[in-house]
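What the coordinates show
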Amino acid sequence: MALSACCNFGPLNLNPLPTPSFPFKFPPFWPTQKVKMGPLTVSPMGFGTWAWGNQFLWGYQESMDDELQQVFNLALENGINLFDTADSYGTGKLNGQSEKLLGRFIREFQEQKGSQRDIVIATKFAAYPWRLTPGQFVNACRASLDRMQIEQIGIGQLHWSTANYAPLQELALWDGLVAMYEKGLVQAVGVSNYGPKQLLKIHDYLKERGVPLCSAQVQFSLLSMGEDQLEIKSICDSLGIRMIAYSPLGLGMLTGKYSPSKLPSGPRALLFKQILPGLDPLLSSLREIANKRRKTMSQVAINWCICKGTVPIPGVKSIRQAQENLGALGWRLSSDELLQLDYAAQDSPRRMIQNIFQTRYTFISHLTQIISVARPQHKVRIENNKASYHLVSSKSRARMIDHFILTRPEDIRATKAIVILFKLMPLRALYDQL
């Protein structure tokens, strides 16, 4: 039996944010504002939990757990019932921490409030090189159920495709999705970081096995609205697949909180420093519409995703962020405002780097032996307008080389940033950030 039940939702009970300077109220969010996602009914926006356990990029500390519980409660009390996570979310010893916290928060919410809600947990299973059989993928699903201490997962998702570098593994993972669905471990299945061609392939494969593809999670925002994203959206619409938009705020670049002279702390600063100088047209349009609407730039950026027919899952790690994100609901941008933002995004010379595991890229991989790499060395080689990224073990007895080639010249800059970002990280930690 799934951990969910029907409930009544009341209006928002939030205090206005101290910024912007003008006062405003969050609109009520009624339960009729739901969308279908396969057999499930979810809120038009979910919350992402990548930061819950991630010390490297998001500075997670266990002292944050009490506030994260309040964030979770606030979301449920205001109609949000979709929470996205992954079995790889969490750094080092905290691997899987996001799932553990979600499970704990569900239990504590039920104990405190004395009621259950229709909670949809969408978790992603990493395509680690050591997960080579359908049974191993099913075991990964069971491990996630154990961490969350629930009986059934809402949506079980394949975190990324291995088709371009390990096609045999890809087929095994697809069979793993089928198996976990047939065993009743998940209510529905989805994918993440799939390009257009591979999305069509897995949809047809699952359909032949009697398993509907529920969702496709893609990096989609005003910073990530290229040909691939638009083609994926078209495919999803035609096949009845719900598109989930992750990183709708571009890791925070669309919030208006940062500038080339005011960068975030930590590794994100490396990316922001390269991309922010080319975002003036887009950020100016966001700011203009936000002021007219008496909204924040974040709320406008998230609402843009909703108006495009996606379900955005902005990350939250504080009550303030949760309150602000909730203000993206209950209203819609006009067609003129949408066009203004679309044109501004096109006029901005910089774009968000795409996930290196997105199947738009051509990957070449060779794994002679999977080993524990304490201090991997990272190297980039640029040759004939292509960038090759190498992860080479420093251990002499067992040598492991895993590299890919990015076929788009504009991604060479991003490759360098990724190498810096993951320098001196353990191999498993590298996968945990994807």
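Scroll up a little and you will see the structure.
Keep in mind that what you see is a predicted model, and the values were worked out from it rather than measured. All residue numbers here refer to positions counted from 1 along the written sequence of the relevant chain. For this predicted model, a pLDDT threshold of at least 70 governs which residues receive local features, and a threshold of 80 or more governs which side-chain atom pairs are given and counted, while totals over whole chains, interfaces and linings are taken from all residues. Neither water nor hydrogens contribute to the side-chain values; these are computed over all heavy atoms in the structure.

**Digging into the side chain of threonine 296**
Counting from the N terminus, the helices are DSSP H or I runs at least four residues long and the strands are E runs at least two residues long. If you trace the backbone, threonine 296 turns up in the loop between helix H9 (280-293) and helix H10 (297-307). The buried label goes to any residue with under 20% of its type's maximum accessible area, the exposed label to any with over 50%, and the partly exposed label to all in between, with areas taken from a 1.4 Å probe on protein chains only. In this structure threonine 296 comes out as buried when scored by relative accessible area, which is 10%. Side chain to side chain, threonine 296 and glutamate 324 meet in a polar contact 2.7 Å long. Polar contact is defined as a pair of N or O atoms within 3.5 Å, subject to the rule that within protein one atom must be able to donate a hydrogen and the other to accept it, and that residues adjacent in sequence are counted only when both atoms are side-chain atoms.

**Some details on the environment of glutamine 169**
Relative to the elements of secondary structure, glutamine 169 occurs in helix H5 (residues 167-182). A residue is classified by how much of its surface remains accessible, and glutamine 169, at 7% relative accessible area, is buried. Each C-alpha atom, one on glutamine 169 and one on leucine 132, is 5.4 Å from the other, the two residues being 37 residues apart in sequence. What makes two residues a contact is simply this: any of their non-hydrogen atoms within 4.5 Å. If we skip the residues at most four places from it in the chain, glutamine 169 touches Ala127, Tyr128, Pro129, Arg131, Leu132 and Thr162.

**Some words on unusual backbone geometry**
Located in the positive-phi region is glutamine 149, a residue other than glycine, with phi close to 55 degrees. Mapped onto the secondary structure, glutamine 149 falls in the loop between helix H4 (134-148) and strand E6 (153-158). The exposed category is assigned to glutamine 149, whose relative accessible area is 53%. Despite not being glycine, leucine 251 shows a phi value in the positive range, around 60 degrees. Tracing the backbone shows leucine 251 in the loop between strand E9 (242-246) and helix H8 (268-275). On the accessibility criterion, leucine 251 (17% relative accessible area) is buried.

**Side note on the nonpolar core**
Buried residues of nine kinds, namely Ala, Val, Leu, Ile, Met, Phe, Trp, Tyr and Cys, make up a nonpolar core once their side-chain atoms join them within 4.5 Å. Phe83, Leu199 and Leu286 are the most contacted members of the largest nonpolar core, which totals 99 residues. In terms of residues, this core owes the most to one element, H10, which gives eight residues. Beyond its immediate sequence surroundings of up to four residues, leucine 199 is in contact with Val191, Tyr194, Leu213, Ala216, Ile232, Ile235, Cys236 and Ile241. Residues Val42, Leu82, Ala188 and Val311 belong to the second largest nonpolar core, which totals 13 residues.

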